[in-house]
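Structure assessment
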Amino acid sequence: MANFDEIFGEQWKRSVEKICGASESSSLGFSQAWEIATSALKPRPLNEHPPPRDQALVLAAVQRIHKAKMTPFLIDSFLGDLRKCEHFIESEINESMGRYDASQDPNEVAQLIDRLAQWYKHWVPNPNSQSLYKTFQLAFQTHLFSFLPLSFPDAFKALLVETIGQPVESNVIVFQRFEVLGFLDRYESLLASVVYQQIELRVAETCPKEWTSRKLADLRTWLKEKIVPWLAAPYARGARTVEDARAMVSGIISRFDFHVCRTLCDLRIKEIFDIIVDYPDSMDALIDLKECLTRVDQRPQLVTALRKANHKRLLHPGADTKDILSQYVSTIKCLRIVDPPGVLLYKVADPIRRYLRERPDTIRSIVSSLVGEGGDLIDESEQPGPVQTVAEDFSDPNWEPEPIDAGPEFRTSRPSDVITTLVSIYDSKDLFVKELQVLLAQRLLAITDGNFEKERRNIEILKLRFGEAALQVCEVMLKDMTDSKRIDHHIQAQGQSIMHPTVISRHFWPPLQGSRLRMPGQFREIQENYGRGFSAFKPDKRLRWLPHLGEVHLDVELSDRTVSVEVSPLEAAIIELFSSKPVWSMDEISVKLGQLDHVTVQKGLLTWIEHGVVSDQGDNTFRLLEQASTSDVRPAARPMDIIEDTSPVVTTEQQQADQMRIYWQFIQGMLTNIGPMPIERIQGMLRLAPGYDRTVEQLGGFLEAARREGLVLFMGGMWQLNR
Amino acid sequence: MKVTVKRWHAIAQWQWDTGTRSDPNTEQEGAGNQTQNDDDEDGDGDVCGICRVAYEGCCPTCKVPGDDCPLIWGECSHVFHMHCLLKWIGTAASKQQCPMDRRTWVTAERKVAAS
Ligand SMILES: [Zn+2]
Ligand SMILES: [Zn+2]
Ligand SMILES: [Zn+2]
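Cut-offs used in this document
Residues numbered from 1 in each chain as written. Chains lettered and ligands numbered in written order. Predicted model: local features only at pLDDT ≥ 70, side-chain atom pairs only at ≥ 80, totals over all residues. Heavy atoms only, no water. Donors = N, O, S within 2.8 Å, 3.2 Å for Na, K, Ca; no water. Helix = DSSP H or I, 4+ residues; strand = E, 2+ residues; numbered from the N terminus. Buried < 20%, exposed > 50% of the residue type's maximum accessible area, 1.4 Å probe, protein only. Salt bridge = Lys/Arg side-chain N within 4 Å of Asp/Glu carboxyl O. Phe/Tyr/Trp six-rings, centres within 6.5 Å; stacked < 30°, edge-to-face > 60°. Lys NZ or Arg CZ within 6 Å of the ring centre and 35° of its normal.

**As for the coordination of the zinc ion (ligand 2)**
Residue and element names in this part refer to chain B. Looking at the zinc ion (ligand 2), one finds its protein donor set to be Cys59 (SG), Cys62 (SG), Cys69 (SG) and His83 (ND1), positioned 1.9 to 2.4 Å from the metal centre. Between consecutive donor residues of the zinc ion (ligand 2), the sequence gaps follow C-x2-C-x6-C-x13-H. Taken together, the residues span a long stretch of sequence, with Cys59 in the loop between α1 (27-31) and β2 (71-73) and Cys69 in the loop between α1 and β2 at a distance of 10 residues. Cys59 gets classed as buried once you look at its relative accessible area, which sits at 2%.

**Focus: the pattern of salt bridges**
All names here are of chain A. All chains considered together, the criterion is met by 32 salt bridges over all chains. Here Asp288 makes a salt bridge to Arg214, at a shortest N to O gap of 3.1 Å. Here the residue Asp288 occupies a position in helix α13 (residues 283-295), and Arg214 occupies one in the loop between α10 (188-206) and α11 (215-235), the gap between them amounting to 74 residues. Given the relative accessible area of 32%, Arg214 is considered partly exposed. Notably, a salt bridge pairs Glu453 with Arg456, separated by 4.0 Å at the nearest N-O pair. Here the residue Glu453 and the residue Arg456 both occupy positions in helix α21 (residues 453-466), the gap between them amounting to 3 residues, near one helical turn. We classify Glu453 as partly exposed; its relative accessible area is 47%. Given the relative accessible area of 23%, Arg456 is considered partly exposed. Each of the salt bridges in this network shares a partner with another, and the network as a whole consists of Arg214, Arg220, Asp257, Asp288, Glu291 and Arg295.

**A word on the packing of aromatic side chains**
Where two aromatic rings form a pair, the distance of their centres and the angle of their planes describe that pair. Throughout the structure, instances matching the rule amount to 25 aromatic pairs over all chains. Measuring from ring centre to ring centre gives 6.0 Å for Phe152 of chain A and Tyr187 of chain A, while their planes differ by 40°; the resulting arrangement is tilted. Taken together, the residues span a long stretch of sequence, with Phe152 of chain A in helix α7 (residues 152-164) and Tyr187 of chain A in the loop between α9 (183-186) and α10 at a distance of 35 residues. Across this residue pair, the class does not change: Phe152 of chain A and Tyr187 of chain A are buried. Residues Phe80 of chain B and Trp105 of chain B carry aromatic rings whose centres are separated by 5.7 Å and whose planes lie at 55° to one another, so their mutual orientation is tilted. With Phe80 of chain B in strand β3 (residues 79-81) and Trp105 of chain B in the segment after α2 (82-89), the pair connects residues that are 25 residues apart, well separated along the chain. Taking the relative accessible area as the measure of exposure, Trp105 of chain B reaches 12% and is therefore buried. Linked through ring pairs, Phe145, Phe152, Phe156, Phe175, Phe178, Phe183, Tyr187 and Trp230 of chain A together constitute an aromatic cluster. Stacked on the ring of Phe537 of chain A, the Lys or Arg Lys538 of chain A has its end atom at 5.4 Å from the ring centre. Above the face of the Trp584 of chain A ring, Lys581 of chain A is positioned so that its terminal group lies 4.5 Å from the ring centre.

Have a look at this one:
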């Protein structure tokens, strides 16, 4: 119908005028009415207005046309006129969008929409009738949208974002324009996406790495204060009462709240590994995550992300067992906060437990933390409870979930504490008790001041965990310490001795290293005297010395100086030999001290060489330096002023070698599990180890040294273990 | 040159002087230098014939070794944990005999400080 006018043109108009004019009975002729009506309706440029006419006359004209059943023709004529004017808005749009494309200033879009609304208002049929208006609106919007360039939705979006910060009153006007122009219906999905984007932006701006406050609450406040008021304009239009408006908006608010939870949840899941590292400082982030998870079920994503991060950052040869354990403990604590039923925990903890079981030094690490060497692995304030022998079953169907609103403090008082969790990595606690015994033995034997109260306290605590019976052995060890002190007290009273031994019950201590060492000279006498004193006090018992253990504080009085040191019995024995004659061969020393192997003797000699007391003559003989040497035979000899220093000085070179030795364990593991590898691959895997900063050349040097030692072979470009 | 020992923290194990064992600290000289002074030298002679636990361990009813679980010497030269022997003698089957040689049990007067 739109083409009617074009097809029939002026000819048709004139003929109609004739027909209608002939039957004209009212005061207004049809031709005149047509003229008045079309001229009133005719769309014009903004600065041009229809000829001033009495409103009543225009209305009468339209009615006259209606009576003649010619309204459809009037409408067609109007549409034809409208089409002739559409180039006005087209060029308006093109100019504005051109400027917007250049400046990206949403204000251009705002002005454009303002102008478009003006055009709309200028052209809206007057007088109005329902059918005329609908027709106009449809035609106007059809033209409008056909002119909008592809870039318009984005520009419109930018404008919407701009409105979010604006006062409600001004937004009401702006949104009325959108509504009039049909933008709100057409771009409904844009509206929501603008808010989604704002939420994501807000989360990205305020939440990453902010784990020490409740961000979810902040976001919800922001949503309430910034977004909700804005929503009224687009989503509650047409509401007649406040209740109406609230009902219309509540659904969409809930959708946006969901998006807040989801976005924050995604972020926290991405950060979860570091959140656990930061625990308990990151408590608030965990509570947020828990709350988000009740809205959004991202549990599977959480499990996947954490397992992946653990695999990449924790469960590799370069990670320290202590660190793995401490992260494991934190993981348990954190996931109990996030997911009280413990299903997530089981899925995440299981691979860590399996990995830890395979590490040779896991038990040792756990045990040293049990006796207080583990740093902060175990919380001092934690109530000790008995260790369950059965591994903790995270998938226990009888597990009772905690009430959802129970605070995190509620969790920590669970009977299964950290130590239980650690011990439960293994099926039996016997391994722990055994390792514990070894560690305790080392610590007790190192005690020289007779003060082992700390160890006693540790054992008391551990008794609560492992049971009295399991620690009976340790109990005897402690009693040996007390008895030694008491007996020594008695023996000293009978006749002073510089010797203060620890006398142990051999079957209750872990196996101690054997040695052939036999103490010479005055040391032998001291031993024998003490032994006699002991047997006098305990007539049916006697002492069997473990001569290589313990330490000796002695002075070496030389002609020009006195060297005061604390040394091992072996070192003491060696220097004692030199008091009878000044030059000794390696073999002589070895035989005299009980057929010791040369490496052991060499090590003992080195101490004295470093103290400048003995010099290496070459040809396997050693000479006492009765006078301090000025021209050192060996560069290892140190100046006099640090001779009194009893702490072993570790050079940085040694430290580096030691560090490389740590990596040997990993290299060995790799070569065992994977088989022969080229150096690049070894280097690549080592690089995953934290702190590993060696170059491939340095690694090469190390491997070469290992090859010389017969530890590895190099064949066909591949390194492999020599087995 | 002179070495002056100011303090010596030594480690030793205690042993029952059963009278049948040589001095643990000198036995090496007799046996040659190859004998290692470690834990593997326990022969059958060093365990209680009743409970088969080492003398320096303790009987099955005790938890602490040494003076709390002492040894008892028989005239027949057999040595047991005292608690083990008394328990054995308390049974009718023992007929008051040494469980090793079935001779009537007579507790020996303990010789004092042989060395
Ligand atoms: Zn016995
Ligand atoms: Zn007993
Ligand atoms: Zn007998």
